[in-house]
Amino acid sequence: MNPLIKVSNVNKHFHDPVDIQVLKNISLEMEKGEFVSIMGKSGCGKSTLLYILSTMDTDYTGEIFLNNERLSGLTPNQLAVIRNEHIGFVFQFHYLLPEFSVLENVMMPALKLGRKTREEIEHNAIEKLKLLDIADQALKMASRISGGQKQRVAIARALINNPSIIMGDEPTGNLDSKNALLVFDIFKQLTNEFNTSLLIVTHDPDFAAKTDRIIEMADGEIISK
Amino acid sequence: MAKSILFEIAKTHLWARKKQSSIAALGVTFGIGTFIILVSFMTGLNGLLDGLILNRTPHIRIYNEVQPSKEQPIELSDQYKNSMNVIHSIKPKKSQASILNNKGIINALKSDKRVKGVTPQVSTRVFYQSGSVLLNGNLIGIDVIEETRLYNFKQYIVNGSPLELKSNDNGVILGIGIAQKLSLKKGDYVPMVTPSGGTVRLKIVGFFQSGLADIDKLQSYTNIKTAQKVAGETSNYVTDISVKLFDIEKAKPMTDEIVHNNHINAVDIKTANAQFETGTSIRNLITYAVSITLLIVAGFGIYNILNMMIYEKMNDIAILKATGFSGGDVMRIFIYEALLIGIVGGSLGLLLGLGVSYLISISPFETQAIPTVKTFPVNFDGLYYVIGAIFALITTFFAGFLPARKASKIDPVEILRGQ
């Protein structure tokens, strides 16, 4: 079977203020349905790697593939389309659009994709919110719900287009332990029940220990995978 | 679908900042409103002022002028053909004031497709008499019906109507200045001394007020036949031919044509009234300059607000980009916001302009110059509303373009990682 994600020989430098190599010859593969965590100390390059994989950072050398499609060298617009359709994001800070309702936030990426009617999208969004047990908050403004709830809404938004992979940059980093556990359980449920692929950057060893695979990084290199 | 979500986001952004958005829109409203008011009033005034002269002036006037012969007899002689002939003190030759073959010229012009109408006129000198007082003046014989149709003759008649002139062979429409000097009223008979020395008495059926005092002190109008009688001439006697065209721009070439074909004097309206064009174009220039300045100021307001909005919305822009909105999508969102401000503000501005223009148009404005005008002249031409709407869209688009481009270039990684 072909890997879902394939990274070969990725190098990245920061040029400002002095030239530093933050990623050194990174190569890795990830299968469909895997729940993978990336661990490492602050500044080891794990977030940098995630943002390169997310296609938002294009300033690197080497090649990355998603579903056998080569992403390196595509135009920003082509990458935006791929992000929209194939990649779901969950951030450390629960980034929702504060002026829209919870439901509208979840619907947004699907409306952008524009493959389904508004009614279908709304129906799907409510399904996702039900899955995450926050459908009762659907019509509230995104700025009026608690931090833990916001993170679950963000996960629902990441799921709306049924992406190939969900990426997370410390998705539990800003949550109390109870909510962090809740979010982890949701991720676990997604891989077990829906065969969703997950790639999560974390520095929480307890979180990482419960995932299928841990990729450990130090000083811009992968030390175990 | 994808487009409408961008529009929805733009709408929500603006709706969440009602105060700022309405202030930005108000800027456009005042800009466009002022433009409409200025341009309606200015062009209305232009129309009135131009109308003072241009509407009642024929596009081409054909006349006979006393002038010395261009060719002296000696130049026709073979004997002196190659010599240098010097003639001192050339005098104009006495010729008839009437236009020769005027019927032929009139018929030829009437069948020309460019011509809207042709009217003959008979102009003769008279002295208006009141007791021992004699006032120098001009009596003009006209075709009343045609003059009214072509030159809006009726507009300058006070206390009477041109039709009374038609029905009364001894009628005269007297210049208001003459009437005031001689204290004459409607129905009075005014005696006139004719060039040949006789006296005729004509009945006043109305007064003529052109707004140009010098003309009102001299000129009176009567039937063409009456004028021919006063001048002591036959019905072939015509001193002027007025031509009105469908297209004023054709006046100049056609005048040259007439002069060439008939060996007669003719002058076109543009040559005779060149100063009016200058005045009109300068007033238009001022109107547009003021309006554009106002709109640029409004544009800066929009620029400012969108710029602030983009700083506030860095996180939102990053999320939108992370979830698959491209730089172009983000740019469109902010351009939609600018255009929404422009459309709402601009429409209100057009309404404001229309309302105030209407108020101006019903305000009383009495002037000696044009007796039939009672309120301020305002031009409600729809074209200016179209121009105003286009102005509003163009300025707001450009005001939104720079901030929008900045937003489209925001790097989401920096913001998502930065906190």
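What counts and what doesn't
Residues numbered from 1 in each chain as written. Chains lettered and ligands numbered in written order. Predicted model: local features only at pLDDT ≥ 70, side-chain atom pairs only at ≥ 80, totals over all residues. Contact = placed C-beta atoms within 7 Å. Helix = DSSP H or I, 4+ residues; strand = E, 2+ residues; numbered from the N terminus. Nonpolar A, V, L, I, M, F, W, Y, C, P; charged D, E, K, R; others polar. Buried ≥ 20, exposed ≤ 12 C-beta atoms within 10 Å, placed from the backbone. Pairing = 2+ DSSP bridges. Axes fitted to C-alpha atoms, helices over the stretch in contact; angles between N-to-C directions. Parallel < 35°, antiparallel > 145°, perpendicular 65-115°, else oblique. Left-handed = near helix turned anticlockwise from the far one by under 90°.

What about the interface of chain B and chain A?
In step 1: On the side of chain A, 23 residues touch chain B, which itself brings 21 residues to the contact.
In step 2: Elements that contribute at least two residues to the side of chain B that touches chain A include exactly α1 (2–16), α13 (314–322), α14 (327–362) and α16 (412–418) of chain B.
In step 3: Of all the elements, α1(B) adds the most residues to the side of chain B that touches chain A, at five residues.
In step 4: Looking at the side of chain B that touches chain A, its residues break down into ten nonpolar, nine polar and two charged.

Notes on the environment of Glu69(A)
Residue and element names in this part refer to chain A.
In step 1: Counting through the fold element by element, Glu 69 comes out in strand β5 (residues 69–70).
In step 2: Classification of Glu 69 by C-beta neighbours within 10 Å gives exposed; the count is 11.
In step 3: When the C-alpha positions of Glu 69 and Leu 4 are compared, they lie 9.6 Å apart, and in sequence the two are 65 residues distant.

Some points on the sheet that holds strand β8 (residues 197–201) of chain A
Strand pairing within a sheet occurs via backbone hydrogen bonds; the two strands may be parallel or antiparallel.
Residue and element names in this part refer to chain A.
In step 1: The strand order across the open sheet built from six strands is β6-β7-β8-β3-β9-β10, with neighbouring strands paired in mixed fashion. The sheet is open, and its two borders are formed by β6 (87–90) and β10 (221–224), each paired with just one other strand. Pairwise comparison of adjacent strand axes, ignoring direction, gives a mean angle of 25 degrees for this sheet.
In step 2: Direction of pairing for strand β7 (residues 165–169) relative to β8: parallel, over a ladder of five bridges. For Met 167, the partnering residue across the bridge sits in β8 and is Leu 199.
In step 3: Sheet strands touched by helix α5 (residues 147–159): β6 and β7. Its angle to β6, the strand with the most contacts, is close to 170 degrees.

Thoughts on the sheet that holds strand β1 (residues 5–14) of chain A
Residues and elements named next belong to chain A.
In step 1: Pairing in this open sheet of four strands is antiparallel, and the strands run β2-β1-β4-β5 from one edge to the other. With partners counted over all chains shown, the strands left at the sheet margins are β2 (20–30) and β5, one partner each.
In step 2: As judged from the five bridges shared by β1 and strand β4 (residues 61–66), these two strands associate in the antiparallel manner. Residue pairing for β4: Lys 6 is matched across the bridge by Phe 65.

Regarding the packing of helix α3 (residues 102–113) of chain A against α5(A)
All names here are of chain A.
In step 1: Interhelical geometry of α3 versus α5 gives an angle of 30 degrees and a closest axis separation of 7 Å. As judged from the angle between their axes, α3 and α5 are roughly parallel. Regarding α3 and α5, the two cross each other, and that crossing is right-handed. Residues Val 102, Asn 105, Val 106, Met 108 and Pro 109 of α3 form the contact with α5, whose participating residues are Val 153, Ala 156 and Arg 157.
In step 2: For the contact of α3 with α5, the per-class residue count stands at six nonpolar, one polar and one charged.

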